[in-house]
Amino acid sequence: MTDDIPVIDIGPFRRGEAAAGATARAVEAACRDTGFFLVTGHGVSTEATDRLYMLARAFFDLPEDFKRAHGGGTDLMGGVAFAPLAQEALAATLGLKTPGDYKESLNFGPRLPGSAWPARPEGLREAFEAYFREMETLARVLRGVFCRAIGLAEDHFEPAFTQHKSALRVINYPEQTVDPLPGQMRAGVHTDYGFMTILRSEASSGGLQVQRRDGVWLDAPAIDGAFVVNIGDAFMRWTNDAWVSTPHRVANPPRDGGGSSRRQSIPFFLNPNADTLIACLPQFETPGHPARYAPITYADYIALKTKQAFAG
């Protein structure tokens with residue numbers, strides 16, 4: 001439903017063209033209204049995207065005992081982490097109790113702990129690393145767009161991302177051959193904790209849904225070659241809640257939908273350095289609307305969010 005989740009061409013900004021200002025204004029409106037938008041003109045390598053997609057899919061197709069034998073440790077910085085089906089329940093981060101989400105995932109970050117990479121499929125690690133670099137480049141462009149929209153120097157946020165704690169995840173949503181448990185979804189309702197998320201999604205029954213400010217759930221459009229972008233809780237805090245970190249979920253496919261409902265998505269979670277101070281930007285603070293939050297480092301902020309989410 002593109003009337004509510006806009007599609008924005010960031011090519012003019014990336015190329016330094018005169019229309020870059022219009023791009024920034026469109027992004028600013030989207031961040032205030034829904035916190036979600038799609039981007040085209042991004043310059044991300046199709047080859048890197050397709051290679052990661054196919055190799056991750058090959059991993060998910062391997063026997064369950066092989067998958068569970070890999071990615072369960074934390075002894076290797078920059079290793080891989082595998083989360084099996086229904087291990088994670090994202091709605092718990094909002095204090096909601098549900099069964100585990102009907103998905104499995106592979107997770108990687110150069111500055112995050114994991115396990116040794118599996119020998120199969122060959123090239124999996126290199127595919128993750130290559131796509132991660134593509135996302136770093138796109139994230140840098142988007143930070144510049146955000147800064148232009150706010151009225152900051154376009155490199156304002158760069159010191160906060162010199163040692164960023166970002167994570168790349170490939171998620172497999174298998175066919176649902178049996179009815180899900182009561183309250184179980186492919187991914188329960190949640191918001192993202194960090195600065196922003198860049199998602200490579202695909203069209204399927206049972207897809208990404210975004211909650212509009214009036215509570216209505218929107219189906220996020222799936223446009224070939226576009227990326228879904230949403231801001232996270234930490235960035236919302238930086239803007240004094242003027243830009244919204246929006247609840248979203250992944251719905252179950254209809255039982256009588258016909259055809260394949262298997263789905264695979266690739267989110268990149270952009271997180272700042274652990275010691276980055278998150279404090280209200282002056283542009284979002286006025287006498288009538290003072291800063292709502294005290295400054296806090298990103299590391300302390302994540303610890304606080306986790307404590308809040310799992311209290312009791």
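Residues numbered from 1 in each chain as written. Predicted model: local features only at pLDDT ≥ 70, side-chain atom pairs only at ≥ 80, totals over all residues. Heavy atoms only, no water.

(A) Looking closely at the overall build of the protein chain. A tally of regular secondary structure across the protein chain gives seven helices and 16 strands. Computed over the C-alpha atoms, the radius of gyration of the protein chain is 19 Å, within 12% of the 20 Å expected from 2.2 N^0.38 for a compact globule of 312 residues. C-alpha extents for the protein chain along the principal axes are approximately 60 × 40 × 40 Å. Buried positions account for 53% of the 312 residues belonging to the protein chain. Residue pairs at least 24 apart in sequence account for 81% of intrachain contacts in the protein chain once pairs closer than 6 positions are excluded. As displayed, the protein chain offers around 13800 Å² of accessible surface, 53% of which is attributable to carbon and sulfur atoms. For the protein chain, the distance from the average site of its 31 positive side-chain charges to the average site of its 36 negative ones is 3 Å. (Helix = DSSP H or I, 4+ residues; strand = E, 2+ residues; numbered from the N terminus. Rg over C-alpha atoms; globule rule 2.2 N^0.38 Å. Buried < 20%, exposed > 50% of the residue type's maximum accessible area, 1.4 Å probe, protein only. Contact = heavy atoms within 4.5 Å. Areas by Shrake-Rupley, 256 points an atom, 1.4 Å probe, with all protein chains shown as cover. Lys, Arg positive; Asp, Glu negative; His and termini not counted. Charge placed at Lys NZ, Arg CZ, Asp CG, Glu CD.)

(B) Just the pairing of strand β10 (residues 208-211), in detail. Alignment of β10 against strand β13 (residues 248-250), held across three bridges, turns out to be antiparallel. Counted as the bridge partner of Q209 is R249 from β13. Where β10 meets strand β11 (residues 217-219), three bridges bridge the pair, whose relative direction is antiparallel. Paired with V210 across the strands is L218, a residue of β11. Remark: five residues form the turn of the hairpin made by β10 and β11, two consecutive strands paired antiparallel; G215 in that turn has positive phi of roughly 95°. (Pairing = 2+ DSSP bridges.)

(C) The arrangement of the state of the cysteines in detail. A complete count under the given rule lists zero disulfides for this structure. Between C147, a free cysteine, and C31, which holds the nearest cysteine sulfur, the sulfur-to-sulfur gap is 12 Å. Classification of C147 by relative accessible area gives buried; the value is 0%. Free cysteine: C280, not disulfide-bonded; nearest cysteine sulfur from C147 at 15 Å. Of the residues examined, C280 reaches a relative accessible area of 16% and is grouped as buried. (Disulfide = S-S within 2.5 Å.)

(D) Seen up close, the packing of helix α3 (residues 46-60) against helix α5 (residues 124-150). With their axes 9 Å apart at the nearest point, α3 and α5 run at an angle of 140° to one another. In terms of orientation, α3 lies oblique with respect to α5. Where α3 crosses over α5, the handedness of that crossing is left-handed. Taking contact as the criterion, the partners of A48, T49, R51, L52, L55, A56 and F59 in α3 are, on α5, L124, A127, F128, Y131 and E134. (Axes fitted to C-alpha atoms, helices over the stretch in contact; angles between N-to-C directions. Parallel < 35°, antiparallel > 145°, perpendicular 65-115°, else oblique. Left-handed = near helix turned anticlockwise from the far one by under 90°.)

(E) Up close: unusual backbone geometry. The linkage connecting R120 with the following residue, P121, adopts the cis geometry, with an omega of -10°. For P121, the position within the fold is in the loop between β6 (113-114) and α5. Here the phi dihedral of N240 falls at roughly 60°; this positive angle occurs in a residue that is not glycine. Tracing the chain through its elements places N240 in the loop between α6 (233-238) and β13.

(F) How the structure looks around the confidence of the model for the protein chain. In the predicted model, the protein chain carries a mean pLDDT of 89, and the fraction of residues at 70 or more is 94%. Between the elements of the protein chain, mean pLDDT differs from a low of 77, seen in helix α7 (residues 298-310), to a high of 98, seen in α5. (pLDDT = per-residue confidence, 0-100.)

(G) Expanded view of α5. Between its first and last C-alpha, α5 extends 38 Å over 27 residues, near the 39 Å set by a 1.5 Å rise per residue. Remark: G151 follows α5 within two positions and exhibits a positive phi of approximately 100°. (Expected span 1.5 Å × (residues − 1).)

(H) Structural context of the packing of aromatic side chains. Per the stated rule, a full pass over the model turns up 20 aromatic pairs. With 5.2 Å between their ring centres and 55° between their planes, F146 and F235 make a pair best called tilted. Here F235 lies in helix α6 and F146 lies in helix α5, a separation of 89 residues in the sequence. Classification of F146 as buried rests on a relative accessible area of 0%. For F235, a relative accessible area of 0% gives the class buried. An angle of 65° between the planes, with centres 5.7 Å apart, marks the rings of F146 and W243 as edge-to-face. Separated by 97 residues along the polypeptide, F146 in helix α5 and W243 in the loop between α6 and β13 bring together distant segments of the chain. (Phe/Tyr/Trp six-rings, centres within 6.5 Å; stacked < 30°, edge-to-face > 60°.)

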